[in-house]
There are 4 protein chains.
Amino acid sequence: MVQIAVVGSGSNDKEIKSLAQEVGREIAKYGGVLVCGGLGGAMEAAAMGAKEMGGATMGILPGDDAKSANKYIDFVVVTGMGHARNVIVVKSADMVIALPGGPGTLSEIALALKMGKQVISVGGFLPWEKIEGVKFIKSPKEAVKYIFDSGICK
Amino acid sequence: MVQIAVVGSGSNDKEIKSLAQEVGREIAKYGGVLVCGGLGGAMEAAAMGAKEMGGATMGILPGDDAKSANKYIDFVVVTGMGHARNVIVVKSADMVIALPGGPGTLSEIALALKMGKQVISVGGFLPWEKIEGVKFIKSPKEAVKYIFDSGICK
Amino acid sequence: MVQIAVVGSGSNDKEIKSLAQEVGREIAKYGGVLVCGGLGGAMEAAAMGAKEMGGATMGILPGDDAKSANKYIDFVVVTGMGHARNVIVVKSADMVIALPGGPGTLSEIALALKMGKQVISVGGFLPWEKIEGVKFIKSPKEAVKYIFDSGICK
Amino acid sequence: MVQIAVVGSGSNDKEIKSLAQEVGREIAKYGGVLVCGGLGGAMEAAAMGAKEMGGATMGILPGDDAKSANKYIDFVVVTGMGHARNVIVVKSADMVIALPGGPGTLSEIALALKMGKQVISVGGFLPWEKIEGVKFIKSPKEAVKYIFDSGICK
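Since this is a predicted model, take the numbers as computed values, not measurements.

Thresholds, definitions, all that
- Residues numbered from 1 in each chain as written.
- Chains lettered and ligands numbered in written order.
- Predicted model: local features only at pLDDT ≥ 70, side-chain atom pairs only at ≥ 80, totals over all residues.
- Heavy atoms only, no water.
- Salt bridge = Lys/Arg side-chain N within 4 Å of Asp/Glu carboxyl O.
- Helix = DSSP H or I, 4+ residues; strand = E, 2+ residues; numbered from the N terminus.
- Buried < 20%, exposed > 50% of the residue type's maximum accessible area, 1.4 Å probe, protein only.
- Contact = heavy atoms within 4.5 Å.
- Buried area = accessible area lost by both parts, 1.4 Å probe.
- Pairing = 2+ DSSP bridges.
- Axes fitted to C-alpha atoms, helices over the stretch in contact; angles between N-to-C directions.
- Nonpolar A, V, L, I, M, F, W, Y, C, P; charged D, E, K, R; others polar.
- Least-squares fit on C-alpha atoms with pLDDT ≥ 70 in both.
- Right-handed = clockwise from strand over helix to strand, strands pointing away.

Re the pattern of salt bridges
Inference 1: This model, assessed by the stated rule, comprises 24 salt bridges over all chains.
Inference 2: Across the pair K91 of chain B and D64 of chain A runs a salt bridge, and its minimum N-O distance is 2.9 Å. Taken together, the positions of K91 of chain B in helix α3 (residues 85-91) and D64 of chain A in the loop between β3 (56-61) and β4 (75-78) put the pair across two chains.
Inference 3: Its relative accessible area of 7% is what places K91 of chain B among the buried residues.

Here it is in structure tokens:
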């Protein structure tokens with residue numbers, strides 16, 4: 001199965017959550033598995049979107065408590081490894097979609113690039129200036145279409 | 001969903017693989033998710049058993065390559081963290097079933113006990129003497145029944 | 001430099017702490033670096049022993065707070081990775097000395113054996129029965145002598 | 001002891017290595033412990049600088065082999081955790097000095113900011129545009145002076 005990570009702010013920004021939800025829906029429409037950090041904000045909205053379309057979701061938690069996963073997570077990975085779980089989110093993905101976020105999101109983008117994975121930035125510019133290797137696509141629909149057209153699913 | 005980890009030898013011991021397969025089948029019959037290390041031997045046999053019964057499987061890999069997962073793994077967690085992935089296998093499980101194995105399996109049993117999780121040893125004695133906190137149940141069927149009767153699925 | 005890990009109970013057992021202190025002293029006498037989990041009990045006693053002899057100590061902490069290291073730790077490694085730090089303690093050691101302890105200690109012994117490292121059990125039997133690959137040496141002095149006579153320091 | 005992480009390119013860029021060496025020297029002059037990733041490029045040059053001034057160095061390696069540490073590393077932390085070791089480098093530091101580098105360096109800067117640690121960028125601009133929270137100081141001498149004047153060593 002194709003696994004797509006969605007990374008982005010854990011805060012409750014309404015616009016980011018709306019984008020995340022649409023990204024989640026689109027991933028599920030293509031039969032992709034949504035991988036995320038399992039908590040709130042963009043992670044929860046993306047998982048909610050995926051479940052609306054009957055997709056599967058995997059949440060990779062930083063803490064020790066499986067119950068900290070949001071209610072749209074099907075498969076819970078409990079790492080107890082704090083920020084190191086960001087590495088696993090990215091490593092477990094065939095491609096990474098980045099929504100606006102803070103330094104946690106930036107760390108995931110940078111780790112993905114370091115691993116040679118493509119990062120698609122969705123929904124307008126990130127709070128940082130352009131980072132080489134990140135592809136900007138405005139619409140969630142177009143971004144996910146780009147991923148599944150890219151030959152990622154052989 | 002209830003997530004049950006199956007740990008045991010990665011080698012090709014026929015008897016252990018047969019036990020693992022039966023454990024996997026039983027977990028799937030109860031609707032549990034099989035969590036394992038994602039590689040060969042007992043891990044592969046347990047995942048095969050789960051898939052025979054239409055269950056879901058999650059493989060938590062030590063290396064960097066998603067393709068190293070055995071073919072019965074639905075959801076692949078790529079850690080790139082070597083032996084530290086044993087911690088995640090155990091942390092992600094509601095209960096742990098241990099089949100005979102070597103020191104890697106022993107580390108997973110010990111980590112589970114350290115985390116306060118119950119460990120069920122299936123299929124005869126482990127190569128080490130009795131470890132306090134491990135419950136021995138000979139038959140895979142009885143072991144999985146014990147788990148799901150224990151109130152783990154509220 | 002030769003790095004020797006000392007693993008054992010974090011509790012305040014007087015006899016274990018006395019053994020740990022002597023182990024720490026002996027490692028320092030040979031010019032070895034003491035590696036441990038950085039917290040209390042056997043870890044603290046071993047580090048105290050090493051400092052009495054002017055040795056160097058490294059503590060690999062499970063949590064996020066450098067201040068949780070005991071006061072005999074010179075170099076603090078803050079992992080924030082919980083139980084996964086046990087893997088690092090063992091991987092960073094040329095050899096492992098195990099004092100009596102609980103399942104956390106057992107996990108470190110098992111991980112060391114899995115990595116092909118020799119484990120020396122000091123000070124009487126562990127709470128588990130004999131584990132293949134572990135060498136029992138009663139006296140701290142003899143145990144550390146054995147390690148440095150083994151050609152570990154080329 | 002005050003522990004300062006130096007992060008930057010692992011490549012052999014002459015100018016970056018010269019900056020790194022000077023940073024290492026300055027940290028040692030103030031009695032700080034140099035923490036780094038333990039490999040080549042900026043990591044090796046910084047460690048070399050620290051040793052020139054008799055300072056102590058700690059290298060936190062991504063791989064499984066203690067021998068992969070550069071020859072200026074006193075204390076070797078072997079993680080076997082790949083990119084997740086970046087988290088430990090940053091967590092183990094009281095402050096982080098960033099030299100120019102690629103996405104690996106960017107991930108360490110972002111992780112440090114996520115953890116609430118101050119990041120000092122030394123020696124001209126990073127390859128990315130300005131990141132909020134990073135303080136730019138041109139000269140290694142001034143950068144390290146800033147750190148030790150900041151009250152980090154109570």
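Some words on the interface of chain C and chain A
Inference 1: If you look at the interface, chain C gives four residues, while chain A gives four residues.
Inference 2: Of the roughly 260 Å² buried between chain C and chain A, counting both surfaces, carbon and sulfur atoms make up 62%.
Inference 3: Summed over the three residues of chain C that lose the most area to chain A, namely G80, M81 and A84 of chain C, the buried surface amounts to 84% of that side.
Inference 4: At the junction of chain C and chain A, the tally comes to zero salt bridges.

A word on the side chain of S107 of chain C
Inference 1: On the secondary structure map, S107 of chain C appears in helix α4 (residues 103-114).
Inference 2: A residue is classified by how much of its surface remains accessible, and S107 of chain C, at 0% relative accessible area, is buried.
Inference 3: The residues contacting S107 of chain C, other than those within four sequence positions of it, are S107, A110 and L111 of chain B together with N86 of chain C.

A closer look at the sheet that holds strand β7 (residues 134-137) of chain C
Residues and elements named next belong to chain C.
Inference 1: If you walk across this open sheet you meet the seven strands as β4-β3-β2-β1-β5-β6-β7, and the pairing is parallel. The sheet is open, and its two edges are formed by β4 (75-78) and β7, each paired on a single side. Going from strand to strand, the sheet's axes swing by 25° on average, the running direction of each strand aside.
Inference 2: Here strand β1 (residues 3-7) runs beside strand β5 (residues 95-98); their pairing, made up of four bridges, is parallel. Along β5, the bridge assignment pairs A5 with V96.
Inference 3: The sheet contacts of helix α2 (residues 42-52) involve β1, β2 (33-36) and β3 (57-61), and relative to β2 the element is tilted by about 165°.

Thoughts on the interface of chain A and chain B
Inference 1: Chain A puts 18 residues into the contact, and the matching count from chain B is 18 residues.
Inference 2: A combined buried area of about 1600 Å² lies between chain A and chain B, and 68% of that area is made up of carbon and sulfur atoms.
Inference 3: The tally of links from chain A across to chain B stands at two salt bridges.
Inference 4: Among the secondary structure elements, those contributing two or more residues to the side of chain A that touches chain B are β3, β4 and α3 (85-91) of chain A.
Inference 5: In terms of residue class, the side of chain A that touches chain B is made up of eleven nonpolar, four polar and three charged.

Examining the relation of the copies chain A and chain B
Inference 1: Overlaying chain A with chain B gives an RMSD of 0.0 Å, the required rotation being 180° about an axis along which the chain moves by 0.0 Å. Viewed as a symmetry operation, the transformation between the two copies matches a two-fold axis.
Inference 2: A symmetric contact is evident, with 100% of the interface residues of chain A recurring at the interface of chain B.

Comments concerning the pairing of strand β1 (residues 3-7) of chain D
Residue and element names in this part refer to chain D.
Inference 1: The buried count for β1 comes to five of five residues, which makes it a mostly enclosed element.
Inference 2: Residue alternation in β1 divides its side chains into two sets, Q3, A5 and V7 and I4 and V6, and both sets are buried.
Inference 3: Pairing analysis gives three bridges linking β1 to strand β2 (residues 33-36), with the strands arranged parallel. Looking at β2, one finds that A5 is bridged to V35.
Inference 4: For the segment spanning β1, helix α1 (residues 14-29) and β2, crossover handedness is right-handed.

A few points about the pairing of strand β6 (residues 119-122) of chain B
All names here are of chain B.
Inference 1: Burial along β6 is two-sided: the face carrying V119 and S121 and the face carrying I120 and V122 are both buried.
Inference 2: In this structure, strand β5 (residues 95-98) lies alongside β6, joined through three bridges in parallel fashion. From the neighbouring strand, I97 faces β6, where its bridge partner is I120.
Inference 3: In this view, the connection linking β5 to its parallel neighbour β6 by way of helix α4 (residues 103-114) has right-handed handedness.
Inference 4: Of the pairings in the sheet, the one linking β6 to strand β7 (residues 134-137) comprises four bridges and is parallel in character. Bridged to I120 within β7 is K135.

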